[in-house]
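Geometric and topological summary
Take a look at the letters that make up each chain.
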Amino acid sequence: MFGDATRTVVVVGAQWGDEGKGKLVDVLAERADWVVRYQGGANAGHTVHIGEKSFVLHQIPSGILHPGVRCAIGNGVVLDPDTLFDEVDELVQDGVDVEGRLYVSDRAHLVLPYHKTVDGVSHASKAIGTTGRGIGQAYEDKVARRGVRVLDLRHPERLRQLVQAGAERADAQLAMSGTRTRVDVDDVLERLAALSERLLPLAEDVGLMIHRAQKSGAAVLLEGAQGSLLDIDHGTYPYVTSSNTTSGGAAVGAGIAPTAIDAVIGVVKAYTTRVGNGPLPTELTDDAEQQEMRRLGNEFGATTGRPRRCGWFDGVVVRYAARVNGLSDLAVTKLDVLDTYDRVAVCTGYEIEGGEVLTEFPGDLADLERLSPRYEWFEGWKQSTADARSLDQLPAQARKYLDRIEELCETRITYVSVGTRRDQIIGL
C-alpha cells in the first residue's frame, strides 16, 4: 500500500465497527514509520493475533507490536489515563518495548472517573447501548468547552478548578438519577497527580510531529475506531458514538491537513455485525442462524464481551461508507467464517411498500424501520479458505462473491483476510 505516491493512509471501519481494523493496521504497520490513533477512546477493542498470542488494544495503536514503529494518540481521542497504563504494562509484560515509541497529544481530552460514574447510571447510555466507559460524557464536556486536556495536568490550580466544576455537574446528574454516590474531588486529583508522572513525559504536539514526519517522507498510518455507521454525523443517529469515525475525522483528530492524506482503506467483514442497539437491516431473524454465525465468527466484543448481532453483507451500507469516506480501497475480513455455508447472501437494496427499491442508505431511522433487504444469493464454496495466500487460491464461488461486493460498493478490494493470524491475509 505504501509507495512513493502513497505516504499517508487512513484505515476506517466501513460498517458498524468490529470489522478487523486492528489486524489490517498490524499488517500495514510493518511498512509504516508512524501509526496514529485519531478518535474514540477505550471503548475500542482492536485484536491482533501473533502466533498463539492475542493482543487486545483499546487506546494504543496496533503499530506498537512492530519494533521501531512510532505510535501516537491524537487530539481527537478522549484518553482514559488509568487504562492507558494498564495497556502499557501488559505490553511490557508480554515483551513489547514501548519506551520512546509512544506519544500522546497534549490537546487530547481526558476521561475522568466521574465521567464513567455518570455513564453507568445514564438512561440515555443504556438506551443506546454504550460501553459504559464515560466516552460520551468526556466528549460532551469537550464540546461544551469545559473538558480537561492532557496539558492541563501541567497547571495544578487550573486543573483543580476544572475538576471541581466537573464534579459538581456530575453530582447534580447523579442526584437526579437517584444514586447517593458523590464525586470525591481530592481523590480524583490525587489519582491524576500520580498518573501525571507517567503521562506528561509522553505529551507532545502530535500534529506537529506528524507534519514534520510527513515532510521528511515518513510513511504514516492513521487508525480509527468503531465504524462509519457509528459516526456522530453520518451514522444511524442517535445510535452512534460521540466522534467522527469517518475519514474526515482522521485529519482533524490527528492534527494534520486533509490534503496530506493519500489513500483511505475501508475495512469490512464478509458479513455484517453490530454491538448494542440501533438498526441492522440485514440482521438474521432466525435465532439458530444468528447463534451459528456468532459462533463461527466468535462475535463477542473485545472490550465488553457482549454478543454481536449478525447478518448478511449489506452492500447499501458499504457503498454509502465508500462515498462518505472517499474510499480508495476495501479490505474484506473474515471470509473464512462463511466457508461452511451452503449459500451466502449480499443485500443489494431495500424494498419499501409498493415494491420500490432504495439503493442509497437513508438518514431517517423511521425509513429503516419500514424497509426490508433485497438479497442476491450465491452458492457457497464449502471448503476452507484459511490457507489461501493469493486470489487464485480461493474457490471460484468465493471469488465470485468478492467480485459482486466490489461491484456493488464501487471500490476495489485490495486485501482479503482468511483467518485471525497475522499471516492469513491476501494482498491483491
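This section reports on the structure supplied with the text.

Criteria and thresholds
Residues numbered from 1 in each chain as written. Predicted model: local features only at pLDDT ≥ 70, side-chain atom pairs only at ≥ 80, totals over all residues. Heavy atoms only, no water. Helix = DSSP H or I, 4+ residues; strand = E, 2+ residues; numbered from the N terminus. Contact = heavy atoms within 4.5 Å. Core = buried A, V, L, I, M, F, W, Y, C linked by side-chain atoms within 4.5 Å. Buried < 20%, exposed > 50% of the residue type's maximum accessible area, 1.4 Å probe, protein only. 1 Å grid on protein atoms, 1.4 Å probe; cavity = no way out; pocket = protein on both sides within 12 Å on 5 of 7 lines; lining within 4 Å. Points joined across faces, edges and corners; volume = space filled by probe spheres on them. Nonpolar A, V, L, I, M, F, W, Y, C, P; charged D, E, K, R; others polar. Expected span 1.5 Å × (residues − 1). Phe/Tyr/Trp six-rings, centres within 6.5 Å; stacked < 30°, edge-to-face > 60°. Lys NZ or Arg CZ within 6 Å of the ring centre and 35° of its normal. Pairing = 2+ DSSP bridges. Axes fitted to C-alpha atoms, helices over the stretch in contact; angles between N-to-C directions.

Turning to the side chain of Asp-80, a few remarks are in order. As for its position among the elements, Asp-80 is in the loop between strand 6 (78–79) and helix 2 (81–93). Leaving out residues up to four positions away in the same chain, Asp-80 has contacts with Ala-42, Gln-59, Val-111 and Lys-116.

By the element assignment, Glu-369 lies in helix 12 (residues 365–369). A C-alpha to C-alpha distance of 8.4 Å links Glu-369 and Pro-281, two positions 88 residues apart in sequence.

Before going further, it helps to examine the nonpolar core. Membership of the largest hydrophobic core comes to 59 residues, with the highest contact counts inside it found for Leu-24, Ile-64, Leu-91, Leu-110, Val-163, Leu-199 and Leu-221. Looking at this core, the element that brings in the most residues is helix 7 (residues 185–199), giving 6 residues. Membership of the second largest hydrophobic core comes to 56 residues, among which are Leu-222, Val-268, Val-318 and Leu-402.

Glancing now at empty space enclosed by the protein. Within this structure, the stated rule accounts for 1 cavity of 30 Å³ or more. Its volume calculated, the largest cavity comes out at about 40 Å³. Within the residue set of the lining of the largest cavity, elements represented by two or more residues are helix 2 and helix 7. For the lining of the largest cavity, the element with the highest residue contribution is helix 7, accounting for 4 residues. Its residues assigned to classes, the lining of the largest cavity shows 7 nonpolar, no polar and 2 charged.

The end-to-end C-alpha separation of helix 7 is 20 Å, in line with the 21 Å expected for 15 residues at 1.5 Å each. Taken as a whole, helix 7 has its buried residues at Val-185, Val-188, Leu-189, Leu-192, Leu-195, Ser-196 and Leu-199.

Overall, the coordinates contain 8 aromatic pairs when judged by the stated rule. On the basis of an interplanar angle of 80 degrees and a centroid distance of 5.6 Å, the ring pair of Trp-312 and Trp-377 is categorised as edge-to-face. Of this pair, Trp-312 sits in the loop between strand 13 (309–311) and strand 14 (313–314) while Trp-377 sits in strand 18 (residues 372–379), placing them 65 residues apart in sequence. Ring plane angle 50 degrees and centroid distance 5.8 Å describe the contact between Trp-381 and Tyr-401, whose orientation is recorded as tilted. Taken together, the residues Trp-381 in the loop between strand 18 and helix 13 (396–409) and Tyr-401 in helix 13 connect sequence positions 20 residues apart. Of the two residues, Trp-381 and Tyr-401, both sit in the buried class. The aromatic ring of Trp-377 is capped on one face by Arg-343, whose charged end is 3.8 Å from the ring centroid.

Strand order in the open sheet formed by 10 strands is 9-7-5-2-10-1-11-15-19-20, and the pairing between neighbours is mixed. Each edge of the sheet is formed by a strand with only one pairing partner; in this case those strands are strand 9 (203–204) and strand 20 (425–427). Where strand 1 (residues 8–13) meets strand 10 (residues 220–223), 4 bridges bridge the pair, whose relative direction is parallel. Considered in strand 10, the bridge of Val-10 is made with Leu-222. The sheet strands contacting helix 1 (residues 21–29) are strand 1, strand 2 (34–37), strand 10, strand 11 (263–269), strand 15 (329–333), strand 19 (413–417) and strand 20, and the helix crosses strand 1 at an angle near 165 degrees. Lying over the sheet, helix 8 (residues 206–215) contacts strand 1, strand 2, strand 5 (70–73), strand 7 (102–105), strand 9 and strand 10, oriented at roughly 150 degrees with respect to strand 2.

The subject of this paragraph is the pairing of strand 11. Among the 7 residues in strand 11, 7 count as buried, and that is most of the element. For strand 1 and strand 11, the ladder comprises 5 bridges, and the chain directions are parallel. Each bridged residue has a counterpart across the sheet, and for Val-9 the counterpart in strand 11 is Ala-263. Where strand 11 and strand 15 come together, 5 bridges link them in parallel fashion. Residue Val-267 lies in a different strand from strand 15, and its bridge partner there is Ala-331.

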